[in-house]
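Architecture at a glance
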Amino acid sequence: SPQGFLVLLANVSTGMSRTGGEAATRPQDDVKMGVVFGLLWLFTGLLQGVHGQGVYAPPTVRIVHSGQACNVEEERYSERVYTIKEGETLELQCLVTGHPRPQIRWTKTAGGASDRESSLHNETLRIENINRHQGGRYYCKAENGLGSPAIRSIRVDVYYLDDPVITIHQSVGEAKEQFYFERTVFLRCVANSNPPVHYTWRRGREVLSQGSDSGVEIYEPFFTQGETKILKLKNLRPQDYADYTCFSSVRNVCGIEDKSAHFTLSNRTAPPSIKLLLDDPLVVNPGETITLVCVASGGEPHPSLKWMRPDGQQLPKRSVVKGGTLTIPAVAIDDGGVYSCVGSNNVGNPAKKTTTILVRGLRKGRFWITPDPYHNDDNIQIGREVKISCQVEATPPEELQFSWLKNGRPLRSSERMVITHTDTDVSPGTTNLDIIDLKFTDFGTYTCVASLRNGGTPEISIDVNISSTTVPPELTIPRGRSHLITQEGDTVDLQCLVSGKPKPIILWSRVEESGVAAAAAATALMPDGSIQTESYDGILRISNVTREMSGTYRCQTSQYNGFNVKPREALIQLVVQFPPAVEPVHTEIRQALGRAFSLTCRLLRAHPARLLRYEWKLGTRLLTVGQFSDQRDDTNYHVRALNREGYGEYTCDITNEAGAGRCTFLVTGKAYPPEFYYDTYSALWQNRPRVYGFKLQWTQMEPNAVDRILAYRLGIRQMGQSRWWEQEIPMEGTIQKGELLTYNLTELIKPESYLVRLTPITRYGEGDSTERIITYSGRLSREFQCGFEDEALCLFSQDKNDVFDWTRHSAATRDTKYTPNTGPSSDHTGSKQGFYMYIETSRPRLEGDTARLLSPTFNSKSSPVSNNPTYCFAFYYHMYGKHIGALNIFLRQKGQAVTDTLVWSLTGNQGDRWCQAKVNIHPTTAFQMVIEGVRGSGIEGDIAIDDVTIEEGECKDPPPNSEYHCITLILALIGQQR
């Protein structure tokens, strides 16, 4: 670009990788390799069993820490313990390897329990201001679908120290209001901490220890080991009246400072005593403001007072607490209950006083009519007995009073009109009116009036009419409404017709599906979630009905607000029809042209489940229709050979009376997304101060599922900018599953980060893209790589003092007709499109002529106080031909004088094969590597080099036999597997 923003370099990588941007082919047609393939067939099969997925690998995981740890140590079984101070920031990072990139999940457990916190899907677990309850064992789980998930754990130990608390106690049986002489006193010091606390006692300025005073004993109770330190004062003496200080310490771990508590023991020290300045119980009217007063009547030090309710109930939100005074404005019925005042001063046991608030009120007025119990008849008849009962819940129950009216006039108890009341201790309160020998003149309206003796709340009146029309209820179902069929999502009314006077409340409930025989069985929940629903008009309305609401519903008369007779009941069967449920609802199928495949739509459930039909379509075009048989629960559609018109959205509709369920299949030729490879060794590298390079590697997900991938579109954008730069990377041959592809990005500007997007392209079009961010970390790779794929040669240069130059070529463009028996037929990976450097030894070259290639200059990391660093220089070479001369490697150091040191050399014909050489170098100053080719005695003496690397550190697995080795066998295997 004009700004020098980006140059994309394709680089050949080794092993199973293949370079994007080149037409990668395998030397399978190479006659000379055919014998090797045959010999290695058995070994290849064995290796495929282990590495048949290429670079695909199950996950590995390890946990590293940062943030503000006090200490990190290893425990048994290799579990790490991370110690942190409460209030600091916990930061743990889960480092994973594996391909495809594993998904990471953090979970926490405590004491072997299951997950206690919501999972975090992120590499970094960060908890700011951590508290003691967040300590425990944290697990990092990584999985990518290959092998078993990788799991590692670390135990987080949160350290803390609370302020200590001193409490004072006397021995059992000696507790008095004051602490007299010749009594044993215990000073208990308690502090919550992790790790266990260490205590120190002082009396005044004197440090107390066991044995320092015969009247003092210091010990720890066995059941609170490490949590409590008791100072026992035996037979209290005058000198024991003093100031005591308890120091708690965790020995400054995590920088936690010591803490202390003080207490002054005197002859006035006494446990608390309190009293309430109010009536108990306190009976109030709704809406009044009440004040509860609690005062300390004794205790030294002066006790603190606190109001509370039992079982952890909160005080009313409107309440105001000031010292020992609790004020509740506009008191409501729900505010009634038990209230306790607790006084404490850390001496002896806390003092507690309790009172009850009763808020006056009347609730739930009900009535029922009971015919003569001595006759088996539910009707009211002249000359027989009838009882009217009235029931009300009252607070306070002892203030409840009833009165009766007949036709609005007061009614008194008599021989024929007997009025009785239940005991005031029984709640709810009930009153009964027994009419003996019912006469025609007794017909009328009877009114039960409930009120509270001291007022404060409105009274409740209940009218009951007794006449010739007062008859017990009858319950029926309208014709044709006992078996209802509806469809899911509709609104349906279940109706029971009730007659009788007075008209009772109808109770709705659900019973088992077995019908009438199961009416007494356990009931299911109603649509609103309740066990029973009341209805005053006999109608149960269900909106947006669902399939779960199918079943038998029971309506029955209540035994209150009506006749106290055996309940009448009826059953209604509700059938909810719903469209077929099918699978898959939506799925994507990727297919290459010319292939056969089948689509299957499965029926899960439907109601009704008979006369089901199916209909297959491609877009709007009808493909086939049919009807389900009783033996089948799925339908299939077969495509024998996919053509371009066969791509699109296939639908299968399975229908019944209630509607249709649809399976949708999107058949596409789009390629799956590439899978970026994150485990590239030393992916970041540089050879100039202001720019850096990155080795981008990936595999192709399911490459054989669709047509052959023709190319990749590579897009790159500098973070913070909007402009994308794109380049197409052509691909030759068929990519195999697990094959590692490589493309080098160079000229990336430090310290910028870049967003990289990779999109596969087939003849169908663009596939799914994958993106990743490349970040400059400031710690570049310790490896320099160059595959000579770009014309800039990775800043390699030609020596101006040699005889001729090295030439950049690829086997696809090199003319080998003139000298067919020398030089390589591909780059070292087997690609005829890959580039390499070679010396052309044809005329006018003469024997002994030299060509030198100079690497960029590297800065050595040596210093006056450290040993000279070691670097590994590695490269691939090809020396084939009967006139091969020599290949020499020099270390050129640029100190006060420039010196060249021969570090590696090889002469003569090495065969038609690529070999690798490695050599350790020990520069003491800035240096270059010089690659020198020497012309032999004739024209069949071409020498080539490829994939040069310089890596900090000793060479790994150095080649045997004079520090070089060939990779012919490995290349053959890779060619087979890739």
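Residues numbered from 1 in each chain as written. Predicted model: local features only at pLDDT ≥ 70, side-chain atom pairs only at ≥ 80, totals over all residues. Heavy atoms only, no water.

**A few points about the overall build of the protein chain**
Let me state the cut-off plainly: The way it works is that DSSP assigns letters per residue, a run of H or I at least four long becomes a helix, a run of E at least two long becomes a strand, and they are numbered from the N terminus. Per-residue accessibility, obtained with a 1.4 Å probe over protein chains only, is compared with the maximum for each type, and a residue is labelled buried under 20%, exposed over 50%, and partly exposed between these values. Note on contacts: a residue pair qualifies if any of its non-hydrogen atoms lie within 4.5 Å across the two residues. The accessible surface values rely on the Shrake-Rupley method and a 1.4 Å probe; as for residues, cover is taken only from the protein chains in view.
Looking only at helices and strands, one finds three helices and 73 strands in the protein chain. Counting all 978 residues of the protein chain, 48% fall into the buried class. Relative to all contacts within the protein chain whose residues are 6 or more apart in sequence, the contacts with residues 24 or more apart total 71%. When the accessible area of the protein chain is evaluated, it comes to approximately 48600 Å², of which 48% is carbon and sulfur surface.

**Details of the state of the cysteines**
By definition, a disulfide links the sulfur atoms of two cysteines through a covalent bond. Basically, it comes down to this: Disulfides are defined as cysteine sulfur pairs within 2.5 Å.
Within this structure, the stated rule accounts for seven disulfides. Between the sulfur atoms of Cys 872 and its disulfide mate Cys 955 the distance is 2.0 Å. What sets the handedness of the Cys 872 and Cys 955 disulfide is the S-S torsion sign, and at about 100 degrees it is right-handed. Linking Cys 872 in strand E67 (residues 871-879) with Cys 955 in the loop between strand E72 (943-952) and strand E73 (964-966), this pair joins segments that are 83 residues apart in sequence. Pair check on accessibility: Cys 872 and Cys 955 agree, each one buried. Note on Cys 652: no disulfide assigned, nearest cysteine sulfur contributed by Cys 601 at a separation of 3.8 Å.

**Let's talk about the pairing of strand E68 (residues 886-894)**
Selection criterion: Two strands qualify as a pair provided DSSP detects at least 2 bridges between them.
Of all the nine residues making up E68, eight are buried; the element is thus mostly covered by neighbouring parts of the structure. Summarising the sheet, E68 and strand E69 (residues 898-907) pair through nine bridges and their orientation is antiparallel. Counterpart to Asn 888 in the pairing with E69 is Ser 905. In this antiparallel pair of consecutive strands, E68 and E69, the connection spans three residues.

**Considerations on the environment of Thr 269**
Spelled out, the test is: Contacts described as polar in this section are N or O atom pairs within 3.5 Å, which, within protein, must combine one atom able to donate a hydrogen with one able to accept it, while residues neighboring in sequence count only if both atoms come from side chains.
Take Thr 269: it is sitting in the loop between strand E19 (259-264) and strand E20 (270-276). Taking the C-alpha atoms as reference points, Thr 269 and His 302, 33 residues apart in sequence, are found 9.6 Å from one another. Here Ser 266 takes part through its backbone nitrogen, which lies 3.0 Å from a polar atom of the side chain of Thr 269.

**Describing the nonpolar core**
If you look at soluble globular proteins, the nonpolar side chains tend to sit buried side by side. Inclusion rule: Each nonpolar core is a collection of buried residues, namely Ala, Val, Leu, Ile, Met, Phe, Trp, Tyr and Cys, held together in the definition by side-chain atoms within 4.5 Å.
The biggest cluster of nonpolar side chains holds 35 residues, and the ones touching the most others in it are Phe 796, Trp 806, Phe 875, Leu 887 and Ile 931. Top contributing element to this core by residue count: E67, with five residues. Beyond its immediate stretch of four places on either side in the chain, Phe 796 contacts Phe 784, Cys 786, Phe 788, Leu 853, Leu 854, Ser 855, Pro 856, Ile 931 and Val 948. Membership of the second largest hydrophobic core comes to 28 residues, among which are Ala 394, Leu 438, Val 464 and Phe 563.

**Points about unusual backbone geometry**
For the bond from His 99 to Pro 100, the omega torsion is 5 degrees, close enough to zero to count as cis. Relative to the helices and strands, Pro 100 is located in the loop between strand E6 (90-99) and strand E7 (103-109). The peptide bond linking Lys 501 to Pro 502 adopts the cis configuration, its omega dihedral lying at 0 degrees. Tracing the backbone through its elements, the reader meets Pro 502 in the loop between strand E39 (497-501) and strand E40 (506-511). Phi is positive for Asn 235, which is not a glycine, with a value near 50 degrees. In the Ramachandran plot, Asp 437 falls in the positive-phi region, its phi being about 55 degrees despite a non-glycine side chain.

**Topic: the sheet that holds strand E18 (residues 243-249)**
So the rule is basically this: Helix axes are fitted only over the stretch in contact, all axes being lines through C-alpha atoms; the angle between N-to-C directions runs from 0 to 180 degrees.
Spatial ordering of the open sheet is given by E15-E14-E18-E19, a layout of four strands whose pairing is antiparallel. Only two strands of the sheet have a single partner each, and these edge strands are strand E15 (206-208) and E19. Neighbour-to-neighbour, the strand axes of this sheet turn through a mean angle of 25 degrees, independent of strand direction. For strand E14 (residues 198-203) and E15, the ladder comprises three bridges, and the chain directions are antiparallel. Bridge pairing in E15 places Arg 202 opposite Val 207.

**Some thoughts on the packing of aromatic side chains**
Formally: Between 30 and 60 degrees the pair is tilted, below 30 it is stacked and above 60 it is edge-to-face, where a pair is any two Phe, Tyr or Trp rings, Trp via its six-membered ring, whose centres lie within 6.5 Å. Distance and angle both matter: a charge sits over a ring if NZ of Lys or CZ of Arg is within 6 Å of the ring centre and within 35 degrees of the ring normal.
Summed over all chains, the structure comprises 16 aromatic pairs. One aromatic cluster in this structure is built from Trp 616, Tyr 637, Tyr 650 and Phe 665. Arg 132 extends its terminal NZ or CZ atom over the ring of Tyr 160, reaching a point 3.7 Å from the ring centre.

**Structural notes on the sheet that holds strand E32 (residues 417-421)**
What the five strands build is an open sheet, ordered E32-E33-E29-E28-E44; its pairing is mixed. Edge positions in the sheet fall to E32 and strand E44 (562-563), since each has one partner strand and no second.

**What to know about the pattern of salt bridges**
Inclusion rule: By convention in these notes, a salt bridge is any Lys or Arg side-chain nitrogen within 4 Å of a carboxyl oxygen on Asp or Glu.
Under the defined criterion, the tally for this structure stands at 38 salt bridges. When the shortest N-O distance is used, the salt bridge between Arg 126 and Glu 128 registers 3.3 Å. Take Arg 126: its relative accessible area is 45%, and that puts it in the partly exposed class. A relative accessible area of 53% places Glu 128 in the exposed class.

**Details of the pairing of strand E25 (residues 325-328)**
Burial along E25 is one-sided: Leu 326 and Ile 328 are buried, while Thr 325 and Thr 327, pointing the other way, are not. The sheet contact formed by strand E22 (residues 290-300) and E25 spans four bridges and is antiparallel. Residue pairing for E25: Thr 291 is matched across the bridge by Thr 327. In terms of strand pairing, strand E24 (residues 320-322) meets E25 through three bridges, oriented antiparallel. Counted as the bridge partner of Lys 322 is Thr 325 from E25. Turn length for the E24-E25 hairpin, with the two strands adjacent in sequence and antiparallel, is two residues, and the turn residue Gly 323 shows positive phi of about 65 degrees.

**Points about the confidence of the model for the protein chain**
Heads up, the rule is: The predictor attaches a confidence to each residue, called pLDDT, with possible values from 0 through 100.
Averaged over every residue, the pLDDT of the protein chain is 83; the share at 70 or more is 84%. Mean pLDDT across the elements of the protein chain bottoms out in helix H2 (residues 41-51) (25) and peaks in strand E59 (residues 754-762) (97). Across residues 174-181 the pLDDT falls below 50, and counting only partners more than four positions away or on other chains, this stretch makes 26 contacts in the model. Overall, residues 967-978 carries pLDDT values under 50, and its contacts beyond four positions in sequence, including any with other chains, amount to 40 contacts.

**Remarks on the side chain of Ser 193**
Mapped onto the elements, Ser 193 comes out in strand E13 (residues 193-194). Here Pro 195 takes part through its backbone oxygen, which lies 2.8 Å from a polar atom of the side chain of Ser 193. A distance of 3.2 Å separates a polar atom in the side chain of Ser 193 from the backbone nitrogen of Val 197.

**Some words on the environment of Ile 151**
You can see Ile 151 is positioned in strand E10 (residues 150-161). The exposure class of Ile 151 is partly exposed, given its relative accessible area of 42%. On a C-alpha basis, the gap between Ile 151 and Arg 105 in space is 9.6 Å, while along the polypeptide they are 46 residues apart. Ignoring any residue separated from it by four or fewer positions in sequence, one finds Ile 151 in contact with Val 61, Tyr 139, Cys 140 and Lys 141.

**Quick notes on the environment of Val 284**
Within the element layout of this structure, Val 284 appears in strand E21 (residues 282-284). Judged by relative accessible area, which is 4%, Val 284 ranks as buried. Through-space distance from the C-alpha of Val 284 to that of Val 331 is 8.2 Å; in sequence the pair is 47 residues apart. Setting aside residues no more than four positions away along its own chain, Val 284 makes contact with Ile 290, Val 331, Ile 357, Leu 358, Val 359 and Arg 360.

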